Amino acid sequence: MADEAGQDENIVEEMKTKAGDLDTFARIIQEKFAEARDYRRDHEQHWQEAYDAYRAKYPSQINKANELASERGIFVNQTRRKVNSAKIKIGTLLFEDGEVPFSVTPSKRPRFYPPDIEVQPDRPDILKDALLARSKNMEDKIRDILRKTNYNDEITHAIHEMCLYGTGCTKGVSLTRKNFPVYTSVRTSEQMDKIESYLEEELVPTVKYISIWNVFPSPEASSTEDADYVIQRSFVSPIQLRSMVNAGEGYIKDVAEEIISGDEGRVHGYDESQHPKKFDETSARQIKNIEVLEFWGRLDGNDLAGHLPMEAADMPQSIPVVVTVVGDKVIKIEENPFDDTLPFHFCYWQKNPESIWADGIYYAIRDVQAILNFSYAMMIEGKSLSAAPMTVIDPNSFEPGTDTEQVYPGKQFRVKPGASVRDAFMPVQIPDVTNGLLQLIQQLEREADLDSGQTSIGYGDNSPAQTKTATGMSILNSNANRQTADVVRSVSKMITSNMQAIYRWLMVDSEDSQIKGDYETISTGYEQYIAKEVHNTQLINFLQTIGSLPQLQQYIKYEAFSRPLLRAFNLDPELVMKTEEEVAQEMQQQTQSQQQAMEQQAQQAAQIAQQQIQAQAQANSQSQIQVQQIKSMLDEKQKISDDQREMERAERLELMKDGNVLHPTNLERHSILLREEENAGEIASMMQEDQEEGQDLQLQQQQLQEIEQQQLQRQQQEQQQEQQQGQGPPSPEGQGGPMAGAPDEGMVEQGEL
């Protein structure tokens, strides 16, 4: 037992010695971290200004252009508008259907073939089909991993930082344990629950978004291939550090517990190299206050002897390692599992060839942003001065004690006796001269569009870029999208690196032989984007050409252009287009509806014709009845007239027999029809006479009115003459005026009327 205790003490002493040696590496890494942090100070200043502009905050160093706008509290957030527009445009171009644009295809010249594929030498087509099927299995496996790890959200965060700061970063791959939920019931035993939880747990390769605020490449590096090392910084809480150590492999747990229980690696306050939100959202007590540094690079092999599972004779001069450091303590050290490759992948907005960092949208429009804020501030200042008139007050004109500093509605001023109000109080109106700033603001917005690459389609009816048709707008939008082709290429390159990292991990660690093979994993986002733009432009141009040549339209099948045309306008043909069955059914329904409409029209025409015939027959019958009635009435009147003549003739014959001499009689008076005609003529003549008498009476009344008006006008003229000449000698004809004596000329006596 004593010997065993002595052996344990020797083991503990050996571990302490190794830990002490590892602490030396921790101090070296801290020095490299300080060197990389100091080297990128200038870039951090631009990032800080970009972050403040996105949050509508003025930079710490305010120039003259921002001074007035800062005093007025005006910030027209052009930066946020352009950054969000670019992020949405790039995301829409790359992830139209929500899927990551990449493909896995067999290599044209494979370096190896899966050993489990048995194909006859004279049948290369079978081998090609088998490789294609396995590459499709690999692509499906990678897409399944991307869905489980929410890759779309990670890449969206990287695109956002790329648009704002100029550089976006992802890290691939990091191994993450995914523990899927286990559904239990009352009858499920505790042991079975543990077994199912263990079986449901899965180690998944994950691509993580890393903020550029937490990535520190070696100084003077222009790319990851040119960097000697890259240090990733993260802030964790004690609970998160313990979980990370327990879940991972290779961590020195004793050192981690010592750090958690002590004060090692704690940070206090705010450092300029940290993300600005840590300063904005910090509280009195920071929870995530443990700074963890993850070093990816090379270290001297002699210094690493005894710390890696490698014999001293096999130890090279320098070894690519991954070292995790907290303060001056190393909590994990292992060899780089990615074959001396740094797992950090970048995308750029405007790449600088001499630096690993690029310029973002804010850096391109920073001057326009400042001048735009200044212009709006000047406009508000001018509007406020012209809207609220200033006042000039003579204090000597007011009584002592009168408050002349404040003016409000209903206020009373006490003015000294004899003082003039106009001299004591005078408003001054300043004219509004800010209308000229509108053109300047429009020019600045146009410059912001051009500098950021987010060119607008038009600026109104007077703009030369304005178009009135949907086709023209589509062409202009396509031309504007070409400016983002370089950015799309950079993002596609980063996606390709991410997919290749997952592919390599699956080739090494996956046990599924049906997915393995020598494949090429390439992002097709840029190729699809360029091909789609070219195809859409060609399709629209072809349709325009066909539209201008009517002699060719009869030879074109327009149904073949439906699906490509819908895709050109970002529409899903499956959701918009109708199937052949639906088209046939609709055509049949249209034919039936047309037949029914024709039958209804025929029935309505027959009904209308029948109604017209009935109405004509009824009208004819009514006219015949009226004719019969009139004829009967005339016959009756004629008979009565004949009877009256017969009676008159018989009576005259009797008188003649008696010897009486008779004068000729008027037989026309016995005709009823003639009497009615004579009565009608008499009535018409009487009505005409009455009408003539009424016209004469109206004419006389008009003459009387004219005479009265003339008399009134003459009297008014005489009165005006008397008023002008004054009172003259009395009239020799009496005290009365002209109306007292004989009537003057032109007057009409009452008897004459």
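Our subject is the structure listed above.
Reading the values: rules and limits
Residues numbered from 1 in each chain as written. Predicted model: local features only at pLDDT ≥ 70, side-chain atom pairs only at ≥ 80, totals over all residues. Heavy atoms only, no water. Helix = DSSP H or I, 4+ residues; strand = E, 2+ residues; numbered from the N terminus. Buried < 20%, exposed > 50% of the residue type's maximum accessible area, 1.4 Å probe, protein only. Contact = heavy atoms within 4.5 Å. Pairing = 2+ DSSP bridges. Axes fitted to C-alpha atoms, helices over the stretch in contact; angles between N-to-C directions. Core = buried A, V, L, I, M, F, W, Y, C linked by side-chain atoms within 4.5 Å. Parallel < 35°, antiparallel > 145°, perpendicular 65-115°, else oblique. Left-handed = near helix turned anticlockwise from the far one by under 90°. Nonpolar A, V, L, I, M, F, W, Y, C, P; charged D, E, K, R; others polar. Salt bridge = Lys/Arg side-chain N within 4 Å of Asp/Glu carboxyl O.

Lay out the side chain of threonine 496 with the relevant residues and their values.
Position of threonine 496 among the secondary structure elements: in helix α15 (residues 485-509). What makes threonine 496 buried here is its relative accessible area of 14%. Ignoring any residue separated from it by four or fewer positions in sequence, one finds threonine 496 in contact with Thr521, Ile522 and Ser523.

Residues and numbers for the sheet that holds strand β7 (residues 318-326), please.
By definition, the strands of a sheet pair up through backbone hydrogen bonds, in either a parallel or an antiparallel sense. If you walk across this open sheet you meet the five strands as β4-β5-β6-β7-β8, and the pairing is antiparallel. Where the open sheet ends on each side, the last strands, each with one partner, are β4 (215-217) and β8 (329-335). Taken pair by pair, the neighbouring strands of this sheet meet at an average axis angle of 20°, ignoring direction. Pairing analysis gives three bridges linking β4 to strand β5 (residues 229-236), with the strands arranged antiparallel. What sits directly across from valine 215, in β5, is glutamine 232. Packed onto the sheet, helix α9 (residues 253-261) meets β7 and β8 and runs at close to 150° relative to β8.

Tell me about the nonpolar core, and name the residues and values.
Judged by nonpolar contacts, the single largest core of 77 residues is most densely connected at Met138, Ile142, Met162, Cys163 and Ile502. For methionine 138, the contacting residues outside a window of four places in its chain are Val104, Tyr503, Leu506, Met507, Ile515 and Tyr519. Core analysis: the second largest hydrophobic core is formed by 19 residues, Leu22, Ala36, Leu299 and Val321 among them.

Go over the packing of helix α4 (residues 78-94) against helix α6 (residues 151-165) with me, naming the residues and quoting the values.
Across the interface, α4 lies against α6 with an axial gap of 9 Å and an inter-helix angle of 135°. As summarised for this structure, α4 and α6 are arranged oblique, according to the angle between their axes. Between α4 and α6 lies a crossing of right-handed hand. Of the residues in α6, those touching α4 at Thr79, Val83, Ala86, Lys87 and Ile90 are Thr156, Ile159, His160, Met162, Cys163 and Leu164. For the contact of α4 with α6, the per-class residue count stands at seven nonpolar, three polar and one charged.

Now, about the pattern of salt bridges: what can you tell me, with residues and values included?
Counting across every chain of the model gives 17 salt bridges. In this structure, the salt-bridge partner of arginine 41 is aspartate 38, at a minimum N-O distance of 3.7 Å. You can call arginine 41 partly exposed: its relative accessible area is 27%. Given the relative accessible area of 46%, aspartate 38 is considered partly exposed. Salt-bridge contacts for arginine 242 lead to glutamate 257; the nearest nitrogen and oxygen are separated by 3.3 Å. With arginine 242 in helix α8 (residues 238-247) and glutamate 257 in helix α9, this residue pair connects regions lying 15 residues apart in the sequence. What makes arginine 242 partly exposed here is its relative accessible area of 32%. One connected set of salt bridges, linked through shared partners, spans Asp38, Arg40, Arg41 and Glu44.

Run through the side chain of asparagine 289, naming residues and quoting values.
Within the secondary structure, asparagine 289 is located in the loop between α10 (276-280) and β6 (290-300). Look past the residues within four positions of asparagine 289 in its chain and what remains in contact with it is Val236, Gly265, Arg266 and Val267.

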